[in-house]
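Chain and residue survey
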Amino acid sequence: MTIRLQYCDHYKTERVTRFAPSPTGALHLGHVASALFGWSLAQPAGQWLVRMEDIDPQRCKPAFAAAILDDLAWLGLLPCGPVLYQSARMAVYAHVLDRLERMGLLYPCFCTRSDIARESTAMLSAPHTAPDGSVLYPGRCRTLDAAEQALRMEAGQPYVLRLNMARAMARAQECAKENAQGGATCPVGSRVANGTGATGQGAVRGVVADAAWPLTYHDLNCGPVPCQPELFGDVVLARRDVPASYHLCVTCDDAAQGVTLVTRGEDLRPATSLHRLLQTLMGWPAPHYAFHPLLCNAEGRRLAKRDGALAISTMRARGMSAEQVRRKAMFTAAQRQSTCGPAPAP
């Protein structure tokens, strides 16, 4: 596989990257481009890992996960080590939530989506939205006292756990100050349990905790980028239907797997600020980041399973070779990148 996206190769020695699909359907060309992007940046001496982000039991199916792994193997993309399944790590995520709760950074929110929509509509100004397009939580349950919280929980009222962003930002700033002064009250370089029994994926590798303030993340092409996690407001870290959330799980597992370079689509760039905040609060290492363009269909919409993106299994059935699929994925991604313009120099 010789086709590469143009991307700077700084800090390449012994990189650890990962490909983390959600098994909610078949692998398509956009997935392959993303997998190849991370795989190529781990070459020649690094490790490329695979993680199944399958915390949603309603949408994620074992059959989809097995089919994804089969397609990856057919493409010649074999992970360096066992596949990590998030659905097997709920106890680990519960431990992380417990730590954040003991820091006083979480609170239960009993508002439904319709409650939030009504309150946002009733505001004098236009509803504010987070970088991911969601409506910012107005904060109704943030001020509930402990007695009211307990009463609602005992009554069986469903709730989510939200991060108190103001407190979290203040705590992260304290950690940065204390770590700069050599204090020991904030965690630094904490290890996260793998939960699989495998050795070598539970240790922190290659990067160190970065609790400098103001927060930044390191873009492989652009260098330090300022973080603005406060734009997300009091984000949900544990859902009603699943006792965890994407932001919590992905950040926890990157630390657990020793990922040193997170490769992801441009659509997840804003979320990186939030992930850096969680890393600082938990004392987890700060990996570097590399962002790839999103593959789009003829209408200009990103390739998605729900829109019927052509599955790799269909391409295989039509007689395409693995090399042809790999080349098609990388060529399409390279075209998309050139359309967006060259990446800034570091």
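Within each chain, residue numbers correspond to sequence positions counted from 1 in written order. Only residues with pLDDT of 70 or above have their local features reported here, since the model is predicted, and side-chain atom pairs are shown and tallied only from 80 upward, although totals for entire chains, interfaces and linings are computed over all residues. Only heavy atoms go into the side-chain values, all of them from the structure, while hydrogens and water stay out.

On to the overall build of the chain, then. Here a helix means four or more residues in a row that DSSP labels H or I, a strand means two or more in a row labelled E, and each is numbered from the N terminus. Helices and strands together make up the secondary structure of the chain, namely ten helices and ten strands. Each residue's exposure class comes from its accessible area (1.4 Å probe, protein chains only) as a fraction of the maximum for that residue type: buried when under 20%, exposed when over 50%, partly exposed otherwise. Taking all 346 residues of the chain together, 47% fall into the buried category. What makes two residues a contact is simply this: any of their non-hydrogen atoms within 4.5 Å. A separation threshold of at least 6 residues defines the contact pool for the chain, and within that pool the share at least 24 residues apart is 81%. Using a 1.4 Å probe, the Shrake-Rupley method yields the accessible areas, and only the shown protein chains count as cover for residues. Counting every atom, the chain has about 16200 Å² of accessible surface; 55% of that belongs to carbon and sulfur.

Two orientations exist for strands paired in a sheet by backbone hydrogen bonds: parallel and antiparallel. Taken together, three strands build an open sheet; the order of strands is β4-β5-β8 and the sheet is antiparallel. Strands at the two margins of the open sheet, each flanked by one partner only, are β4 (106-109) and β8 (236-238). When strand polarity is set aside, the average angle formed by the axes of neighbouring strands in this sheet is 45°. Being paired, for any two strands, means DSSP has found at least two bridges between them. Sheet topology places β4 next to strand β5 (residues 160-163); four bridges connect them, and they run antiparallel. Within β5, the position partnered with Leu 106 by the bridge is Leu 163. Between N-to-C directions, angles span 0 to 180 degrees; the directions come from axes that are lines fitted to C-alpha atoms, helices contributing only their stretch in contact.

Okay, the state of the cysteines next. We call a pair of cysteine sulfur atoms a disulfide when they lie within 2.5 Å. Here the structure, examined in full by the defined rule, presents zero disulfides. The thiol sulfur of Cys 141 is not disulfide-bonded, and the nearest other cysteine sulfur, from Cys 111, lies at 3.6 Å. We note that Cys 252 lacks a disulfide partner, and the nearest cysteine sulfur, in Cys 249, lies 7.3 Å from it. Residue classification places Cys 252 among the buried positions, given a relative accessible area of 0%.

In short, geometric facts, not functional conclusions.
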